[in-house]
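Observations on chain architecture
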Amino acid sequence: MVNWPWPRAINPHFEDVKTEVDAAFRDFRALDPKSQEAFDKCDFARLAALAYPNAPRDHLRIGCDLMNVFFIFDEYTDKENAAVTKEMVDIVLDALHDPRKMRPEGECILGEIVRQFWARAIQTASQSSQHHFLDSMTAYLHAIVPEAEDRDHSHCRSIDDYLKLRRDTCGARPSFAIYEMGMEFPDEVFYHPMIVELRQCIVELILIDNDIASYNREQATGDENHNLITAIMLELGLDRSGAMAWAARYHTQVEKRFIDGLAQVPSLEIRTDAPGLIEYLDGIAAWARANHCWSYESQRYFGTEGTNILQSRLVPLLPKIKYGDASSMTKVNVADLSNIYATEQL
């Protein structure tokens, strides 16, 4: 991201909203105390504040809630088989389609987490943003099931097949709906081929950066098959360094595709004067920068060593993590990399 024109920026409401949303999430008791501590170190509110630097306070709160939705869903499903994952997907879809309905007693907590998130969001979100969010969120949820099926069979996809699935499992497109919440986009603008292509470019930048940053965590936790670096290594016969270099070159190509495409927007035969279009495109471009910055500022992927790793570009390969028994309450363990990185030689 050295030459990416969009600089780092953070929402001025970050600290205030983070305190509020973190407290609300802990009230769900979705994790045992040890896993909750590891989850807190990931600082998902920071990701939202970096991604939506100009959002009003209420929309930032929704963005923070959404990041928690994605990552708690990720933690719950990452170690489950396809059948259990499908059950969780169905619960979340039901909560999204009827957020006013109380969730059944004894149901997986994901249903209530998502219900509260969406009930809050629809209070201030435009109709078009709600429609676009539900479409893309449904695609994301449905894509998680084949990911679980791949995990059940220890299957690693080809690069092209992986990218096709990962464009949905990375959760980027639903995240872009936060930018739309105060806008009404006509379909002729939102679904214009060039606008769709620009969105896909940012989705790919996000997934490439995420897979590069998360590879070490995922190989340590045994979840590396759903990662671009693994797909590249297996298909092209490259080692880790070669696969990282291949991904970086592809990233540069996608950056150019986006910038070249953005320059063409004023000449498109659509309503390029649609209120908010330029702001929306600028916002999704900033998401790519936000994702990159958060990867090194939080403790999700590099523990407390993110800043050092960003400067040195040297990452010690982590040992395999052996989980103890998961909490009987949640059956979920969140990996805490901060102590592990501290013991590795950088």
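Structure: see above.
Residues numbered from 1 in each chain as written. Predicted model: local features only at pLDDT ≥ 70, side-chain atom pairs only at ≥ 80, totals over all residues. Heavy atoms only, no water.

Things to note about the pattern of salt bridges
Defined as follows: Definition used for salt bridges: Asp or Glu carboxyl oxygen within 4 Å of a side-chain nitrogen of Lys or Arg. Strands are runs of DSSP state E lasting at least 2 residues, helices are runs of H or I lasting at least 4, and numbering of each runs from the N terminus. Think of it in three bands: residues with accessible area under 20% of the maximum for their type are buried, residues over 50% are exposed, and the middle band is partly exposed, with areas taken using a 1.4 Å probe on protein chains only.
The full count for this structure, using the stated rule, is 27 salt bridges. Residue E112 pairs with R115 through a salt bridge whose shortest N-O separation is 2.9 Å. Here the residue E112 and the residue R115 both occupy positions in helix α6 (residues 110–121), the gap between them amounting to 3 residues, near one helical turn. The pair E112 / R115 is uniform in exposure class, with both members buried. Shared partners join several salt bridges into a network, and the residues in it are R8, K18, D22, D43, R46 and E297.

Brief notes about α6
Inclusion rule: Given the number of residues in a helix, its expected span is that number minus one, multiplied by 1.5 Å. We call two residues in contact when some of their heavy atoms are within 4.5 Å.
Over its 12 residues, α6 extends 16 Å from the first C-alpha to the last, a length consistent with the 16 Å expected when each residue adds 1.5 Å. Of all 12 residues making up α6, 9 are buried, and the element is well covered by its neighbours. Burial in α6 covers these residues: L110, G111, E112, I113, V114, R115, F117, W118 and A121. Lining the buried residues of α6 we find α1 (14–26), α4 (57–77), α5 (82–97) and α7 (127–152).

Looking at helix α14 (residues 277–297)
Compared with the 30 Å implied by 1.5 Å per residue over 21 residues, the 30 Å span of α14 between its first and last C-alpha is a close match. Of all the 21 residues making up α14, 17 are buried; the element is thus mostly covered by neighbouring parts of the structure.

Quick word on the packing of α7 against helix α8 (residues 159–169)
Selection criterion: Axis definition: a line fitted to C-alpha atoms, limited for helices to the stretch in contact. Angles are taken between N-to-C directions and run from 0 to 180 degrees. Should an angle lie under 35 degrees it is considered roughly parallel, over 145 roughly antiparallel, and from 65 to 115 roughly perpendicular; all remaining angles are considered oblique. Handedness of a crossing follows from how the near helix is turned relative to the far one, being left-handed for an anticlockwise turn of less than a right angle and right-handed for a clockwise one.
Remark: α7 packs on α8, axes separated minimally by 8 Å, with the N-to-C direction vectors making an angle of 130 degrees. When the interaxial angle is binned, α7 and α8 end up oblique. By crossing handedness, the relation of α7 to α8 is classed as left-handed. Here α7 contributes A139, Y140, A143, I144, P146, E147 and D150 to the contact with α8, which in turn contributes L165, D168 and T169.

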